[in-house]
Amino acid sequence: MPRLVSAPALPDRQSGARLVRKAVALACSAAIALPMAITPAHAQSRNLPVVRDAEAESLLKDYATPIFKAAGIAHSEPEIILVNDKSFNAFVPDSRRMFINIGVLLEAETPGEVIGVIAHETGHIAGRHLVRLRSAAANAQIVAVIGMILGAGAAAAGAATGSGQAASGGAAAILGSGSVGQRSLLAYQRGEEAAADRAALKYLEATGQSPRGMLKTFERMAEQQFFTRQYADPYAQSHPMAQERFNGLLNEAQQSKYYDQPDDYVLQYRHDQVRAKLLAFTSHPSATLRAFPRSDKSPAAEYARAIAAMNSRGKSAVKEIDALIRTQPNNPYYYELKGQALLEGGDPKAAIAPFRKALSFKPNEPQFLVWLGYALVGANEPSYLPEAERVLKEAIQRDPNSGVAYSQLAIAHGRQGERPEADLATAKGLMVRGDFEAARRYAARAQQSLKRGTPAWLQADDIVAYKPPDLPNSR
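Residues numbered from 1 in each chain as written. Predicted model: local features only at pLDDT ≥ 70, side-chain atom pairs only at ≥ 80, totals over all residues. Heavy atoms only, no water.

Enquirer: Residue-level account of the pairing of strand β4 (residues 97–101), with values.
Expert: When you tally the buried positions in β4, you get five out of five residues, the bulk of the element. One ladder, built from five bridges, connects strand β2 (residues 79–83) with β4; its direction is parallel. Bridging from a neighbouring strand, Glu 79 pairs with Arg 97 of β4. Inspection of the sheet shows strand β3 (residues 90–91) paired to β4 by two bridges, in the antiparallel sense. When the sheet's bridge partners are listed, Ala 90 is paired in β4 with Ile 100. Where β3 hands over to β4, the hairpin turn is made up of five residues, counted between the paired strands. (Buried < 20%, exposed > 50% of the residue type's maximum accessible area, 1.4 Å probe, protein only. Helix = DSSP H or I, 4+ residues; strand = E, 2+ residues; numbered from the N terminus. Pairing = 2+ DSSP bridges.)

Here it is as structure tokens:
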């Protein structure tokens, strides 16, 4: 920018064109940095630390299914993805996925608080806000580009005539145009956030659920913003201030006939279990014991302490997990925990039985299938390998995004002397992780030994020919 203001020489037509091109490039790069929704979703999911947990995912699905149905998007139900981030945040990058930080579950004391977050994000999807946001971003970008071009022309004219006032005025126009474009987009975003809030209330009403949890979320956010909001420029925010959102929803929410309806006690129990589990798995064992001291005899506290014991003592914690199982012998997630303790403690053969038990309660759970396949491969018994291969392929069919399943399948193939199949499985796992170059290398190597035209050869060929979508120029 300063170079445009203090151009030392008369600009010719070519250098003037360069100024215009530079203004356009700067405007476009500024637009890329504005809302997250503009960034392609595949770029986001590859860079996010994703958490996979069957119990948490099952709970979130049960929270979301009635909301999706009320919003009319049950036919294309978005996938809910947990992110290993303890901040309270959720977002939708497209109509197919909803990302929720584990911080939402950790901070929310009731199911209604999480359901309110899901309902809000569903409002964005059902209202096609992401599509319209891209259009609004493009319009804001056009405003900035036009202003920059005009400003660049004024600056160039000032330099040509020796008028410092014209040159500085051109610089101001360049700077101001970006601000106007950005504020225009932010104002649009604030309107869409308010629309998503209203849609969330509608979905909660349609599903017979209280909006109190949603209000509690905004109340908590308003308390967190209490000090900063007095210094914040309300026109430079992408979201309305939390207190403003709370005030805007309060009257309508209180008029709901379901306002005083309590959360379902079964969902509350499951919520407490998942909340304790996530805290225990993402915290040091000493922090878990501070949060759930021995004096706390609740099922959630017992669960958290068993996980803390596994994290600190590994296989030797099995006795505590067995005590947990005795309290609920039909809980598949307790058997999953026992299998994990044995597997990670170096006894994969012993882990097979608890994983089978978990599958007896939930035979279609892909993550249980992955665990079982992992244990069968880890046992290093040749007679187990055909079953491991079958189980892992079934897991992948149900959940094609499991990198662990592909890596274990590759080992199973390799130990059975099936090198091309092992390379192909490795290539598929690398594709899931977003390492496209390495995936192409393994797929090309697999192709050399696979029979041309077979399904496996064609799959390898697809990977070799794959070109990832272009990412925006981040400049």
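Don't stop here, the text continues.
Enquirer: Summarise the nonpolar core; cite the residues concerned and give the values.
Expert: Residues Tyr 303, Leu 337, Phe 355 and Leu 372 are the most contacted members of the largest nonpolar core, which totals 50 residues. Sequence-distant contacts of Tyr 303, defined by excluding residues within four places in its chain, comprise Glu 55, Gln 273, Lys 277, Leu 324, Tyr 333, Tyr 334 and Leu 337. (Core = buried A, V, L, I, M, F, W, Y, C linked by side-chain atoms within 4.5 Å. Contact = heavy atoms within 4.5 Å.)

Enquirer: Describe the packing of aromatic side chains, listing the residues and the values that go with them.
Expert: Within a pair of aromatic rings, the relevant descriptors are the distance that separates the centres and the angle that separates the planes. Going through the model one piece at a time under the given rule, you end up with six aromatic pairs. Ring centres of Tyr 303 and Tyr 334 lie 5.0 Å apart, and the angle between their planes is 65°; on these two criteria the pair is classed as edge-to-face. Separated by 31 residues along the polypeptide, Tyr 303 in helix α13 (residues 299–313) and Tyr 334 in helix α15 (residues 332–344) bring together distant segments of the chain. For the pair formed by Tyr 303 and Tyr 334, the shared burial category is buried. Above the face of the Tyr 259 ring, Arg 212 is positioned so that its terminal group lies 5.9 Å from the ring centre. (Phe/Tyr/Trp six-rings, centres within 6.5 Å; stacked < 30°, edge-to-face > 60°. Lys NZ or Arg CZ within 6 Å of the ring centre and 35° of its normal.)

Enquirer: How would you sum up the confidence of the model for the protein? Please name residues and give values.
Expert: Residues of the protein with pLDDT of at least 70 account for 70%, and the chain-wide mean is 78. Every residue in residues 225–240 is under pLDDT 50, and counting partners more than four places away or in other chains gives 26 contacts. (pLDDT = per-residue confidence, 0-100.)

Enquirer: Could you give an account of the packing of helix α17 (residues 366–378) against helix α19 (residues 403–415), with specific residues and numbers?
Expert: With their axes 10 Å apart at the nearest point, α17 and α19 run at an angle of 30° to one another. With respect to their mutual orientation, α17 and α19 come out roughly parallel. Seen from above, α17 lies across α19 with left-handed handedness. Here Val 370, Tyr 374 and Val 377 of α17 lie close against α19, whose contacting residues are Val 404, Ala 405, Gln 408, Ile 411, Ala 412 and Arg 415. Looking at the contact of α17 with α19 residue by residue, the classes come out as seven nonpolar, one polar and one charged. (Axes fitted to C-alpha atoms, helices over the stretch in contact; angles between N-to-C directions. Parallel < 35°, antiparallel > 145°, perpendicular 65-115°, else oblique. Left-handed = near helix turned anticlockwise from the far one by under 90°. Nonpolar A, V, L, I, M, F, W, Y, C, P; charged D, E, K, R; others polar.)

Enquirer: Break down the pattern of salt bridges for me, with residues and values.
Expert: Within this structure, the stated rule accounts for 21 salt bridges. Of the charged contacts, one joins Lys 277 and Asp 53 as a salt bridge, the two residues approaching to 2.9 Å between their closest N and O atoms. Residue Lys 277 is found in helix α11 (residues 265–281), and its partner Asp 53 is found in the loop between β1 (50–51) and α4 (54–71); the two are separated by 224 residues along the sequence. For Lys 277, a relative accessible area of 4% corresponds to the buried category. One salt bridge connects Glu 389 with Lys 393, and the closest N-O pair in it is separated by 2.9 Å. You can see Glu 389 and its partner Lys 393 sitting in helix α18 (residues 385–398), four residues apart, about one turn around the helix. (Salt bridge = Lys/Arg side-chain N within 4 Å of Asp/Glu carboxyl O.)

Enquirer: Please provide a residue-by-residue account of helix α20 (residues 419–433), values included.
Expert: A rise of 1.5 Å per residue sets the reference length of α20, with its 15 residues, at 21 Å; its end C-alpha atoms lie 21 Å apart and thus fit the reference within 8%. Taken residue by residue, α20 has Pro 420, Ala 422, Asp 423, Leu 424, Ala 425, Ala 427, Gly 429 and Leu 430 as its buried positions. Packing partners of the buried residues in α20 comprise α19, α21 (436–449) and α22 (455–465). The first or second residue beyond α20 is Gly 434, which carries a positive phi of 90°. (Expected span 1.5 Å × (residues − 1).)

Enquirer: Account for the pairing of β2, naming residues and giving values.
Expert: Of all five residues making up β2, four are buried, and the element is well covered by its neighbours. Note: β1 against β2, two bridges, orientation antiparallel. The partner of Val 51 across the bridge, within β2, is Leu 82.

Enquirer: Any chance you could break down α19 for me, citing the residues and the numbers?
Expert: Taking 1.5 Å of rise per residue, 13 residues should cover 18 Å, and α19 covers 19 Å from first to last C-alpha, within 8% of that figure. Along α19, the residues classified as buried are Gly 403, Ala 405, Tyr 406, Gln 408, Leu 409, Ala 410, Ala 412 and His 413. On its buried face, α19 sits against α17, α18 and α20. Directly after α19, the chain includes Gly 417, whose backbone phi takes a positive value near 80°.

Enquirer: Break down unusual backbone geometry for me, citing the residues and quoting the values.
Expert: Unusually for a residue other than glycine, Asn 380 sits at a positive phi of about 60°. With relative accessibility at 54%, the residue Asn 380 sits in the exposed group.

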